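# Structural features, examined
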Amino acid sequence: MLQIESVSKQYSTKVLLTEASAHLRPNSRVGLVGPNGAGKTTLFRMVLGEESPDEGSIRKRPRLRIGYLPQELETITGKTVLDAAHRDEFPEHEAERILMGLGFSEVDFARPIDNLSGGYRMRVALAHLLLSNPDVLMLDEPTNHLDKPTQRWFEQFLINSDMTLLIISHDTAFLDRVVTHIWELRHHKIEEYRGNYSSFQDLRAERDAQLQASATRQSKEIARVQKFVDRFRYQANKASQVQSRIKQLEKVKRIEVQRDPKRVKFRFPLPSTSGRHVLDLVGISKRYGEKVIYETLDFSVERGQRVALVGENGAGKSTLLKMLAGVLPPDSGTRTVGHGATVHYFAQHQAETLNPEHTILESLEEATTHAEMNFLRGIAGAFLFTGLDQKKLIKALSGGERNRVALARMLVEPANTLLLDEPTNHLDPASVDVLTDALVEFPGTIVFISHDPTFLARIATRIVEIEDGRARNFIGDYEYYLWKKAQEFESIKETKEELDGKPQAKSSGPTRAMAQQIQTPPKDSGGNRRDLTKTQARLEKQVARAESEIADLEQKVKARESELADPALYKEFEKWNVLHQEQDGLKHDLERMTARWESLSAELEKVKKDLDAQS
């Protein structure tokens, strides 16, 4: 379908690809991964014919139809959402189905394109591409602007379609659920792997270990032969053997083990400490035309909190963050900045505001009036820009690299309060890890928006759900929030089952991280010894049963992993997908059962302590 043959590409001294080859097969769903700046988007442009390889070729099947969704959209034609989606080329009812799957309502179909946010314009462009049903669909970071329900619909659409996919994405969970192959840009080559992202990580680690072992064995053998040559080089009776071994050494093709760039760690500059109350919004209202976002909202942030704003797209998360930052005035109400609070705001499209003609160092220099160049070089290095790369122009950077520059500018002048709107968009997993580590250690206050569940789980200590103009507080981490929402769902479900006369399902408790955030009233603390003994016996049985079920689930997960590791299975995409989804279900059940075991164990320990106290 599409063959990349010995392609080489470089810009000035920046080498991207060297004799790289790969084969895109029909009906495969390929995730293209690699560090920011490795050449992923450039490879896309060469496939599209927008750029040419310096050497090598890209061969395509005759009359191959390619659809492409870029990171940055150009102008969308069409006056309304529906016009732009189907553009008279495709059936209107199918366009409506796709648009509704992507989060639009019937009311939105007649909305002018000019009134849409960047994220929703991206969805319209995506709808048009999905409707055109190309042979190959190329997507560059397609999930950046999708909320969870829309992303789930999108994933199922891709899995059920007949399109061959080539996807750039830093959303590893998305790649795990969708792709059948991984192409990794590494050391200027394209390395192909069968399976999803998790399988790729395991296979790469195994491949690296095998290569290292081979290189070590070869090195030892070379050293042994060289030792013989050195020892007997000047002995006439060994001359022929020495010459034979010298020729043997000359013929050896050395195994090279190339190292990946060392992961950089950085810390945010230590800011001054703010007062306890950092930001307060009182009686806030905000509307856009006829659409009311908030009527009377009260919202406050205290020192040291790391607050995640969650909710569906269009709920008002970015609007709230902008009002907290003071860059968007409310229609009514007041904003108060607490004593000693200093604020940095990172907008969702912050990278687009950078001057394209400036170098990375010049862009950092713009953000300060007194910082020395050595300090700026250090900050650039912390964000993985080293040496001559620091003098690269902004316009020559990839989307992820521009985002790193925009984030780096926040470090030039320290602040004790960070307001971040989708800071991990366009960042590769290594860069996300670096940023996450720094934010975990940051001593100040953070309010942020993110669709990345791993980032949310590691950073947030308080979740605020935005829905219907209200801000609902969950004092706990992201796991606690998910558990609480699941409990609410189970409660609704149990009520319905009760009304239908069905048996009620039991729900599991929170994980240890969640349990630390929850204050539960003591149970049986005032009961007599007989009651406590009975409770202990009941809990011990439940804990034992949970342990047995956990062991059973772990065995099933391990067995399924063995099935999924069979290379022959990847030829049967439907079967592979079914097994993979079942595996996800087993892992989810295992997490829930482990959470239940932890909750029961904690309760059992408390009962034992109460019994000891009465002894």
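Residues numbered from 1 in each chain as written. Predicted model: local features only at pLDDT ≥ 70, side-chain atom pairs only at ≥ 80, totals over all residues. Heavy atoms only, no water.

## What about the overall build of the chain?
Quick note on the threshold: Secondary structure counts use DSSP, requiring at least four H or I residues in a row for a helix and at least two E residues in a row for a strand, with both numbered from the N terminus. Type-normalised accessible area, obtained with a 1.4 Å probe on protein chains alone, sets the label of each residue: buried when under 20%, exposed when over 50%, and partly exposed for intermediate values. Should any heavy atoms of two residues lie within 4.5 Å, those residues are counted as being in contact. All accessible areas in this document rest on Shrake-Rupley with a 1.4 Å probe, and a residue is counted as covered only by the protein chains that are shown.
Scanning the chain for helices and strands turns up 18 helices and 18 strands. Here the chain holds 615 residues, and 46% of them are scored as buried. A sequence separation of at least 24 residues applies to 68% of the contacts in the chain between residues at least 6 apart. Element-wise, carbon and sulfur atoms account for 49% of the exposed surface of the chain, whose accessible area totals about 32,200 Å².

## Structural notes on the pattern of salt bridges
Spelled out, the test is: One speaks of a salt bridge when a side-chain nitrogen belonging to Lys or Arg is within 4 Å of a carboxyl oxygen belonging to Asp or Glu.
If you walk through the whole model with that rule in mind, you get 22 salt bridges. K9 is paired through a salt bridge with E51; the nearest N and O atoms lie 3.6 Å apart. Of this pair, K9 sits in strand β1 (residues 2-11) while E51 sits in the loop between α1 (40-48) and β4 (55-60), and the two are 42 residues apart along the sequence. Note that E184 and R204 form a salt bridge whose closest N and O atoms lie 2.4 Å from each other. On the criterion of sequence distance, the pair formed by E184 in strand β8 (residues 181-186) and R204 in helix α7 (residues 197-232) is long-range, its members being 20 residues apart. Through salt bridges with shared partners, a single ionic network connects K9, R45, E51 and D54.

## Here's the deal with the sheet that holds strand β15 (residues 417-421)
Either a parallel or an antiparallel arrangement is found when strands of a sheet pair, and the pairing is made through backbone hydrogen bonds. Just so we agree on the cut-off: By definition, two strands form a pair when at least two bridges between them are found by DSSP. Interaxial angles span 0 to 180 degrees and are taken between N-to-C directions of axes, which are lines fitted to C-alpha atoms, for helices over the stretch in contact.
The strand order across the open sheet built from six strands is β14-β15-β16-β12-β17-β18, with neighbouring strands paired in mixed fashion. Single-partner strands in this sheet number two, and they are β14 (343-346) and β18 (470-474). Put simply, the sheet's adjacent strands are angled 15 degrees from each other on average, direction ignored. Bridge count for β14 against β15 is four bridges, and the pairing is parallel.

## Remarks on the sheet that holds strand β2 (residues 14-24)
One open sheet accounts for three strands, arranged β2-β1-β4; its pairing is antiparallel. Lying at the two open borders of the sheet, with one neighbouring strand each, are β2 and β4. Each strand of the sheet is rotated relative to its neighbour by a mean of 20 degrees, with strand direction disregarded. In terms of strand pairing, β1 meets β2 through seven bridges, oriented antiparallel. For Q10, the partnering residue across the bridge sits in β2 and is V15. Sheet strands touched by α1: β1, β2 and β4. Its angle to β1, the strand with the most contacts, is close to 125 degrees.

## Things to note about the pairing of strand β5 (residues 66-69)
Regular strands show a simple pattern: their side chains alternate between the two faces of the sheet. Judged by which residues are buried, β5 turns out to be one-sided: G67 and L69 face inward and are buried, whereas I66 and Y68, on the alternate face, are not. Examined bridge by bridge, β5 and strand β6 (residues 136-140) share four bridges and lie parallel to one another. Paired with L69 across the strands is L139, a residue of β6.

## With respect to the packing of aromatic side chains
Aromatic ring pairs: the centre-centre distance and the angle between the two ring planes describe each pair. The criterion, for reference: Here the aromatic set is Phe, Tyr and Trp, taking the six-membered ring for Trp, and pairing holds for ring centres within 6.5 Å; pairs whose planes are under 30 degrees apart are stacked, those over 60 apart are edge-to-face, and all others are tilted. The criterion is that NZ of a Lys, or CZ of an Arg, lies within 6 Å of the ring centre and within 35 degrees of the ring normal, and then a charge sits over that ring.
Taken as a whole and assessed by the stated rule, the structure comprises 11 aromatic pairs. Cluster of aromatic residues (ring-pair linked, three or more members): Y193, Y197 and F200. The side chain of R245 reaches across the aromatic face of F228, ending 4.0 Å from its centre. Positioned above the aromatic ring of F385, the side-chain terminus of R404 is 4.5 Å from the ring centre.

## Some remarks on helix α17 (residues 529-564)
Inclusion rule: Expected helix span is given by 1.5 Å per residue-to-residue step, counting one fewer step than there are residues.
Its 36 residues place the ends of α17 52 Å apart at the C-alpha level, agreeing with the 52 Å of an ideal helix rising 1.5 Å per residue. When we look at burial in α17, the residues that qualify are L532, T535, Q536, L539, Q542, V543, A546, I550, L553, V557, R560 and L564.

Function cannot be inferred from these measures alone, as they are strictly geometric.
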